[in-house]
Amino acid sequence: MPDPRPRVVISRCIEFAACRYNGAMVKSDTVLRLMPYVEFLPVCMEADMGLGIPRDPVRIVRKDGADRLVQPSTGRDLTDTALRFTREHLANLSDVDGFLLKGRSPSCGIKDVRVYPPGEGKAVLTGRSSGMFAREVLNAFPDLAIEDETRLLNGRIADHFLTRIFTHARFRGCLERGTPKALMDFHARHKLLLMGYNQSAMRRLGRISASSAPLEERLQQYSMDLHQALRRPPNCRSWNNAMMHAMGYFSGKLEPQEKQHFLRSLEWFVEGKVPLSAPLLMLRSWALRYEEEYLLQQVLFEPYPAEFMGLLGTDACSGRDLWEVAR
Ligand code: SF4
């Protein structure tokens, strides 16, 4: 049974319909490239709650500490309608692996949404404010990957997002199979990827997959811990651990110069001179040459479709936290 495609809720104005307030559509090459691999579930809160296309713009207005969704031209307060629509829509979703929402929109923006005072005053930008639809998504799905289309232009953010949605989809496949073997196989395939993300979570997940508890209980616990393990992106030290662990499979088989070259490529990766794909490709070539089946099945080498490989550029170890505000 092939792995299911990730199911991702997307703001409909991104490449699916010209439904923005001004009748425009948002272009995104990443979304166009992902279409063959991802099952997108488009939604447009503003159009679907009956505001029409085109329509007068709406904005977030903060009044007495509470945020309201307001249409200044008509003076309508649309908050209750928006919340009713959103909560019902989200409650009817099933098997969702992530969200890709339109940045900075008063409805869909996950951060950097302008918040206005009542009346004619100027907007403030706190960085943390999200749109009316997006804040419900963030509350209802704290463990899922949620990004906006502009942030996906950054390779580190795109790599983390794609890794999460494709891994969640693969785990849904494991749940559909619903056997102890499916869980063991899933864990075996993801071991190095999980080691790269979070070594202690990888061990905990290993214990869950091999425990003698009832399967239903194990799958539920594994699912929760897997979501947690993938919440934060990996750091350089844990990537290095995972790759050193993989190199251990070839100890005694490699020439000293080959080992030295590999270790130098890890240093270059940490120093931001080569992307993660450089040491990974070396490991994969050795796995092919020595027919190391365990390594060949590792999703670490291809956590998402190969055409997106190389997203994690040379700034993977820059240490800058790109998720501090978004989640
Ligand atoms: S940002 Fe959201 S609400 Fe606004 S047009 Fe796009 S999908 Fe619709």
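Residues numbered from 1 in each chain as written. Predicted model: local features only at pLDDT ≥ 70, side-chain atom pairs only at ≥ 80, totals over all residues.

Looking at the packing of helix H3 (residues 79-91) against helix H4 (residues 132-140)
Alright, step 1. Running from N to C, H3 and H4 point in directions that differ by 40°, and their axes come no closer than 9 Å. If you check the angle between H3 and H4, you find them oblique. Considering only the axes of H3 and H4, their crossing is right-handed. Together, Thr79, Ala82, Leu83, Thr86, Arg87 and Leu90 of H3 and Met132, Phe133, Glu136, Val137 and Ala140 of H4 make up the contact between the two elements.
Alright, step 2. The residue makeup of the contact of H3 with H4, split by class, is seven nonpolar, two polar and two charged. (Axes fitted to C-alpha atoms, helices over the stretch in contact; angles between N-to-C directions. Helix = DSSP H or I, 4+ residues; strand = E, 2+ residues; numbered from the N terminus. Parallel < 35°, antiparallel > 145°, perpendicular 65-115°, else oblique. Left-handed = near helix turned anticlockwise from the far one by under 90°. Contact = placed C-beta atoms within 7 Å. Nonpolar A, V, L, I, M, F, W, Y, C, P; charged D, E, K, R; others polar.)

Structural notes on the sheet that holds strand E1 (residues 7-11)
Alright, step 1. In space, the four strands of this open sheet follow the order E2-E1-E6-E8, with parallel pairing throughout. The two strands at the open ends of the sheet, each matched to only one other strand, are strand E2 (39-43) and strand E8 (145-148). In this sheet, adjacent strand axes meet at a mean angle of 20° when their direction is disregarded.
Alright, step 2. Two strands pair when backbone bridges link them, and E1 and E2 are joined in this way by five bridges, in the parallel orientation. By the bridge assignment, Ile10 is partnered in E2 with Pro42.
Alright, step 3. Across the face of the sheet, helix H5 (residues 155-177) comes into contact with E1, strand E6 (98-101) and E8 while running at roughly 140° to E8. (Pairing = 2+ DSSP bridges.)

A short note on the site of the ligand
Alright, step 1. Of all residues adjacent to the ligand, which total 13 residues, the nearest are Ser11, Cys13, Cys44, Lys102 and Ser105.
Alright, step 2. In terms of residue count, helix H2 (residues 45-48) provides more of the shell around the ligand than any other element does, three residues in total.
Alright, step 3. Taken together, the residues that form the shell around the ligand break down as six nonpolar, three polar and four charged. (Near = placed C-beta within 6 Å.)

Focus on the sheet that holds strand E7 (residues 115-116)
Within a sheet, each strand pairs with its neighbour through backbone hydrogen bonds, oriented either parallel or antiparallel.
Alright, step 1. Spatially, four strands are ordered E5-E4-E3-E7 in an open sheet, and the strand pairing comes out mixed. Both edges of this open sheet fall to strand E5 (76-77) and E7, since each of them pairs with a single strand only.
Alright, step 2. Where strand E3 (residues 59-63) lies against strand E4 (residues 66-71), five bridges are found, and the strand directions are antiparallel. In the strand pairing of E4, Arg59 is matched with Val70.

Focus: the domain arrangement of the protein chain
Reports often express the size of an interface as the amount of accessible area lost when the parts come together.
Alright, step 1. Looking at the assigned domains, one finds that the protein chain contains domain 1 (7-153) and domain 2 (181-327).
Alright, step 2. Here domain 1 and domain 2 have C-alpha centroids that lie 34 Å from each other. (Domains from an automatic or database assignment.)

Overview of helix H11 (residues 277-289)
Along an α-helix, a turn takes 3.6 residues, which lines up residues three or four apart on a common side.
Alright, step 1. If you check H11, its first and last C-alpha atoms are 18 Å apart, about what 13 residues at 1.5 Å a residue would give, namely 18 Å.
Alright, step 2. Where H11 is concerned, the buried positions are Pro279, Leu280, Leu283 and Ala287. Considered in projection along H11, the buried side chains sweep an arc of 100° and stay on one side of the axis. Pointing more than 90 degrees away from the buried face of H11 are the exposed residues Ser285, Leu288 and Arg289.
Alright, step 3. Close packing links the buried residues of H11 with helix H9 (236-247), helix H10 (256-270) and helix H12 (293-296).
Alright, step 4. Two residues or fewer past H11, Glu291 is found with a positive phi of approximately 45°. (Expected span 1.5 Å × (residues − 1). Buried ≥ 20, exposed ≤ 12 C-beta atoms within 10 Å, placed from the backbone. Arc of directions from axis to C-beta.)

Brief notes about the environment of Phe250
Alright, step 1. Structurally, Phe250 is set in the loop between H9 and H10.
Alright, step 2. The sequence separation of Phe250 and Glu292 amounts to 42 residues, and the corresponding C-alpha distance is 8.8 Å.
Alright, step 3. Not counting residues up to four positions away in its chain, the partners in contact with Phe250 are Trp286 and Tyr290.

Brief notes about H4
Alright, step 1. Among the residues of H4, Met132, Phe133, Ala134 and Val137 are the ones counted as buried.
Alright, step 2. Considering only its buried residues, H4 is in contact with H2, E4, H3, E6 and E8.

Some points on the nonpolar core
Alright, step 1. Judged by nonpolar contacts, the single largest core of 42 residues is most densely connected at Val8, Leu69, Phe99 and Ile165.
Alright, step 2. The contact partners of Val8, leaving out residues within four places of it in the chain, are Val38, Phe40, Leu41, Asp97, Gly98, Phe99, Leu100 and Ile165.
Alright, step 3. Formed by 34 residues, the second largest nonpolar core is a distinct cluster that contains Ala242, Met243, Ala246 and Ala287. (Core = buried A, V, L, I, M, F, W, Y, C linked by C-beta atoms within 7 Å.)

Here's the deal with the packing of helix H6 (residues 180-197) against helix H7 (residues 199-210)
When two helices pack together, their arrangement is given by the angle between the helix axes and by the axis-to-axis distance.
Alright, step 1. Relative to each other, H6 and H7 sit at 170°, their axes nearing to 8 Å. Between H6 and H7, the angle is such that the two are roughly antiparallel. On H7, the residues touching Leu183, Met184, His187, Lys191, Leu194, Met195 and Tyr197 of H6 are Gln199, Ala201, Met202, Leu205, Gly206 and Ser209.
Alright, step 2. Of the residues contributing to the contact of H6 with H7, the split by class is eight nonpolar, four polar and one charged.

Points about unusual backbone geometry
Alright, step 1. Between Ile53 and Pro54 the backbone carries a cis peptide bond, its omega angle lying at -10°.
Alright, step 2. By the element assignment, Pro54 lies in the loop between H2 and E3.
Alright, step 3. Backbone geometry at Asp95 places phi at a positive 50°, although glycine is not the residue there.
Alright, step 4. Along the polypeptide, Asp95 turns up in the loop between H3 and E6.
Alright, step 5. Phi is positive for Asp112, close to 60°, though the residue is something other than glycine.

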